[in-house]
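# Structural description and commentary
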Amino acid sequence: MQLYFWPTSPYVRKVMLVALETGIDEQMELLHASPSSSGHDLQDRNPLGKIPALITEDGMALFDSPVICEYLDGLHGGDKMFPESGSARWTALRQQAQADGILDAALLRRGEEARRDDLRSKGWIAHQTAAIHRGLADLETRVDELQEPITIGHITIACALGYLDFRFPSEDWRHIAPNLSDWYAGFAQRASMQATIPADPA
Ligand SMILES: N[C@@H](CCC(=O)N[C@@H](CS)C(=O)NCC(=O)O)C(=O)O
């Protein structure tokens, strides 16, 4: 399998964490492909031009991160990251959707902040920031759902929090969600998390 990969993408980090946690990481070849540059065929494999994209052993191209993560989860015989049914499944999928939504808002905010002064919308930035803060405040009320075994929900929440620390280091989300912060401090020590700490390429 081949994974279109970039080390700063939080959605790619989800995929890497699932692969590392389930022991299938060595089956994946990483194709470095910054979505903002050319010199790769990402758009031929994912018409949306986004990473992550996974090329399976039989040549199928899969995207986006929830689809890739669920596909990878079907390739191993250990504890599943996507619970099969019942409230455990819906809790994990809801957590994933909420943390993906926090990430989507954080990326939209960052994109807006990068625009020229005269084009930048303070209202749009405030709108996305409020969504991030509401998402965090809601997760804070649900920290008791973050028990083991870990699921795609834990993984995605950890990626979202890691991304906020990476891209907005001066804004402390921890005062909004102190109990979530305690959970994250422990989760961030996992070998998979340590192996995927985001960094801009030199
Ligand atoms: N919902 C998608 C989001 C993927 C995404 O937005 N990836 C970013 C990199 S972090 C990207 O490729 N952006 C390039 C673009 O939007 O053109 C997923 O979960 O995989």
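Our subject in this report is the structure included herewith. (Residues numbered from 1 in each chain as written. Predicted model: local features only at pLDDT ≥ 70, side-chain atom pairs only at ≥ 80, totals over all residues. Heavy atoms only, no water.)

### A look at the overall build of the chain
The secondary structure content of the chain amounts to eight helices and four strands. Starting at the N terminus, the α and β elements of the chain follow one another as β-α-β-α-β-β-α-α-α-α-α-α. Relative to a compact globule of 202 residues, whose C-alpha radius of gyration would be 17 Å, the chain shows 17 Å and is just as compact. Principal axes of the C-alpha set define a box for the chain whose edges measure 45 × 45 × 30 Å. Looking at the chain as a whole, 47% of its 202 residues are labelled buried. At a minimum sequence separation of 6, the contacts of the chain that also span at least 24 residues come to 68%. Carbon and sulfur atoms provide 52% of the accessible area of the chain, an area that totals close to 10,300 Å². (Helix = DSSP H or I, 4+ residues; strand = E, 2+ residues; numbered from the N terminus. Rg over C-alpha atoms; globule rule 2.2 N^0.38 Å. Buried < 20%, exposed > 50% of the residue type's maximum accessible area, 1.4 Å probe, protein only. Contact = heavy atoms within 4.5 Å. Areas by Shrake-Rupley, 256 points an atom, 1.4 Å probe, with all protein chains shown as cover.)

### A look at the environment of Trp183
For Trp183, the location among the structural elements is in helix 7 (residues 178-187). Between the C-alpha atom of Trp183 and that of Pro7, which follows or precedes it by 176 residues, the distance is 24 Å. What Trp183 contacts, discounting residues up to four positions off in sequence, is Val143, Leu146, His154, Ile157, Ala158 and Leu161.

### Quick look at the pattern of salt bridges
Inspection of the entire model under this criterion finds 15 salt bridges. In this structure, Arg109 engages Glu113 in a salt bridge whose closest nitrogen and oxygen atoms are separated by 2.7 Å. Taken together, the residues Arg109 and Glu113, both in helix 4 (residues 86-113) and four residues apart, mark about one turn of the helix. A residue is classified by how much of its surface remains accessible, and Arg109, at 7% relative accessible area, is buried. By relative accessible area, Glu113 is classed as partly exposed at 31%. Notably, a salt bridge pairs Arg174 with Asp165, separated by 2.8 Å at the nearest N-O pair. Sharing partners across several salt bridges, the network here consists of Arg94, Asp138, Arg142 and Glu145. (Salt bridge = Lys/Arg side-chain N within 4 Å of Asp/Glu carboxyl O.)

### A few points about the site of the ligand
By nearness alone, every residue bordering the ligand is listed as Ser9, Pro10, Tyr11, Pro35, Lys50, Ile51, Pro52, Asp64, Ser65, Pro66 and Leu107. At 2.8 Å, a backbone N or O of Ile51 approaches a nitrogen atom of the ligand. Within the side chain of Asp64, an N or O atom sits 3.0 Å from a nitrogen atom of the ligand. About the coverage of the ligand: the protein hides 73% of its 520 Å² of free accessible area. When contributions to the shell around the ligand are tallied by element, the ones reaching two or more residues are helix 1 (10-22) and helix 3 (65-73). (Near = heavy atom within 4 Å. Polar contact = N/O pair within 3.5 Å; in protein donor to acceptor, adjacent residues only side chain to side chain.)

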